[in-house]
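# Chains, contacts and geometry: an overview
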Amino acid sequence: MICPSAQQQTISESSVLDISSCPITYYGQKYEKLYVNFTRRDIVMCFDKFYNPGNEGDCIMGSSPDKWRAVLSIVQADSFLERWIRNKTKTIQNSLRCSVQITMPINNLTMILNLFNFGTEAALSLEARGTGLVALHTRVSDVSQNDTIDISGCRHSEICSNVTCSETATLQTSGCGPLEYCQGNGMLASTCTVTGPTVIDVHGHMNSIQDRCAYSLFSTPLLPDFLVLGNFRDRRRKDVSFLDSVTLRVDGHDIHLEQGGRVQLDDSTLTLSSSPQLVHGVQLSKDQTGVTAELTNLNISVFFDGNTAQILLEGPAGSSVEGLCGNSSSSLSDLRLSEYSSTSCNLLKEAPFSSCNTDIDPEPYITACTDTLCKYPAVDGLNCQFLKAYARACSLHNHTLDGWTSNTGCSSEAFCQDRTCSDHEFCGEKTVSGDTRCFCRAIFASKYQENNSLGDATVCKENSASLTLVGCLLEDKDINYSALQLNDPTCRGQVDELTHMVTFSFNSSNRCGTVVTTNNSYIIYKNTIRSQNYSDVITRKDQVQIDFSCVHSQPNINTATFRIRDWSVAQCITSGAWNYTLTIKAYTDAGRTQLVEWNSELQLNEKIWMVLKTDGLDGSMVSVVTDSCWATGKASPTSSPRHDLIINGCANPADPTVQVEENGLATSTYFSFNMFRFTGGSSDIFLHCQLHLCPKQGNNCIPTCNTPARVHRSASLTYEPEAPAFISVSWTY
């Protein structure tokens, strides 16, 4: 094929030809020169340099023409020529721009080599006129006469990049990200940092965790049974979450890297040192800076110091990283605190940090630092936390950053190392000198702070009372629990070593100085948690006085009436957690063995023994006193006629059959009387009793019945019931 409109150059010796007016992209590399060599046997046309058998380069080689003569022509594009080439190759996508044509005589024929420029694509054709065979050799394949081939392609020399060659031979690459570096052997190292609420992924993108949940930080198809989870929890504020622990899930087992350098395998605590310990294919070690976990079958390491986790993956270029470390998105507030932006956070742009800035972009760390400090006070080492995270990320890229701790006043040691706090606590900074202690988590503490309380409500159980105070709340107020006591100085609080809760208690066998008082409705058992008595004239600590008490409510049951067949009645009386039951029963014998039942036949003037009994009271602390008992002809206790049996705790002197056998001595009372009926009225008789509880102090609860006048109890008993509490029984003749 002879092309029109050609610009010709004659070649008769080794020459460098300018083809810049029609450059050729030869297998992905664009060239504007053509180096032509003639040898005794061959003609060699190279694009990058003259042919050297030891280093061939990008060349096309064929049989040498007669008399070492060839003609080069630059041919403009036309539509016929473009259709002809497309019909031959089927793969060219772009439009034809021009072509380079080389014509040379070889023996009895004329050979024509055409190089077609399609922009990022190119094609080659070989024609021969006359008799004989010719062939060319290219970088990729051999070309025979009358062949047309596509010589498009893409090239890339960086071994750590992901490359794609498009249909139009356009190279698309994705090289190392801000937190990746190429090791030069086809392996790529990627770093992910999780510090505070912030995740800085392997691409340098940042995400901030807003809630208190567990998130997948890292996983890779290279190890399908391996997953790294980050657990975020609150600390001093409810609206800011912090990385609290890291969990490595390996082959069905969970390795928990927790606060204080504690490491747990499932539910068991591991003891670690600087010497690696192999656990389910993971090398675990611990030093003053934190805990490191390394997978032996894949180059993955996870570091955690209680605040910051850093995950390093070394794998083949193009290795997929999933989870927040691989595909997080940026979502941050625009608000910044200028004082932090100009001081601690921006130190990452100054020496010695600046020596690392070219490898690890400090901006995500600065943004995370300022965004966190604008919402959270610079305590618990937080002003150093982001500097430490950046410094360690740099160390993974072989930047030592000598002197950064002395320049910033920070420590390289892990914060709160070896201090274990309970589940509702976190380890924080106690003083500016670096002392630490366990603080209450904000959400846990809020329920106490709303009520200005230091602990839970009093627990009244059976015959004991206890009050539990929260250890971290006491420390917030600089209160030493070991310096607290009850009214009895020997009664001290007991601390739970796991929860750090402090419990004070008393019971019937050890009252610890409990004070007993009464009012119109309750018997109150009160004790006080107080500071030790100081002998010093002055003190600069708050004096603690926390009252707590349990009560017995006075009997307050509705009148219950029933026929004789309902031989006993029981009703439950509730007073908080101290509950008791009151029953009334009738017997026909002094030994109280023959219970009056529904079918019992009672005779007039027959003696009946009555028992008012309680269950659930501690007889060493309280007594039951029957104030009065009387009978009526109707169900109402205020109806008439009325006959008194017990008045003011004593037998009615007008009825000589009444005998009070025991009253105010224990938790039951006993009395007896002879059966009777009202004259001229109903045969029904209703018995009512009014009673109360009395706190025991010696024999103070026993009524004095020496005279028929109203009894005067001892001065220590001040209770006088305002509203009667009744229990009634009735029978019919």
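Parameters and conventions
Residues numbered from 1 in each chain as written. Predicted model: local features only at pLDDT ≥ 70, side-chain atom pairs only at ≥ 80, totals over all residues. Heavy atoms only, no water. Helix = DSSP H or I, 4+ residues; strand = E, 2+ residues; numbered from the N terminus. Buried < 20%, exposed > 50% of the residue type's maximum accessible area, 1.4 Å probe, protein only. Contact = heavy atoms within 4.5 Å. Areas by Shrake-Rupley, 256 points an atom, 1.4 Å probe, with all protein chains shown as cover. Phe/Tyr/Trp six-rings, centres within 6.5 Å; stacked < 30°, edge-to-face > 60°. Lys NZ or Arg CZ within 6 Å of the ring centre and 35° of its normal. Pairing = 2+ DSSP bridges. Axes fitted to C-alpha atoms, helices over the stretch in contact; angles between N-to-C directions. Disulfide = S-S within 2.5 Å.

Per an unreviewed UniProt entry, the protein chain goes by the name Sperm plasma glycoprotein 120 and belongs to Astatotilapia calliptera.

### Side note on the overall build of the protein chain
Of the regular secondary structure elements, the protein chain holds 8 helices and 51 strands. Residues counted as buried form 49% of the 733 residues belonging to the protein chain. A separation of at least 24 residues holds for 57% of the contacts in the protein chain among residues at least 6 apart in sequence. With the model as given, the accessible surface of the protein chain reaches about 34,500 Å², and the carbon-plus-sulfur share is 46%.

### Some points on the packing of aromatic side chains
One pass over the full model with this rule turns up 15 aromatic pairs. A centroid spacing of 6.4 Å and a plane angle of 70 degrees characterise the contact between Phe218 and Phe226, whose relative ring orientation is edge-to-face. Classification of Phe218 as buried rests on a relative accessible area of 2%. On the basis of relative accessible area, Phe226 is assigned to the buried category, the value being 2%. Joined through ring pairs, the aromatic side chains of Tyr26, Tyr27, Tyr31 and Phe47 make up one cluster. The positively charged end of Arg592 is found above the aromatic ring belonging to Tyr670, 4.0 Å away from the centroid. We note Lys607 situated over the ring of Trp609; from NZ or CZ to the ring centre the distance is 5.9 Å.

### Regarding the sheet that holds strand 23 (residues 241-250)
The 6 strands are arranged 21-22-23-24-25-26 in an open sheet whose pairing can be described as antiparallel. With one partner strand each, in any of the chains shown, strand 21 (214-220) and strand 26 (268-270) form the two edges of the open sheet. Pairwise comparison of adjacent strand axes, ignoring direction, gives a mean angle of 25 degrees for this sheet. Judged from the 5 bridges that link them, strand 21 and strand 22 (residues 223-234) form a sheet pairing that is antiparallel. By the bridge assignment for strand 22, Ala214 is matched with Asn231.

### Let's talk about the state of the cysteines
Taken as a whole, this structure holds 14 disulfides when the rule is applied. Disulfide pairing is shown between Cys416 and Cys427; the S-S distance is 1.8 Å. Because the torsion about its S-S bond is -85 degrees, the bridge between Cys416 and Cys427 counts as left-handed. With Cys416 in the loop between helix 6 (404-408) and strand 32 (425-429) and Cys427 in strand 32, this residue pair connects regions lying 11 residues apart in the sequence. Judged by relative accessible area, which is 3%, Cys427 ranks as buried. Note that Cys491 is cross-linked by a disulfide to Cys512, the S-S spacing being 2.1 Å. Between Cys491 and Cys512 the disulfide shows an S-S torsion of about -80 degrees. By sign, it is left-handed. In this pair, Cys491 sits in the loop between strand 36 (484-485) and strand 37 (494-495) while Cys512 sits in the loop between strand 38 (501-507) and strand 39 (515-518), placing the two residues 21 residues apart along the sequence.

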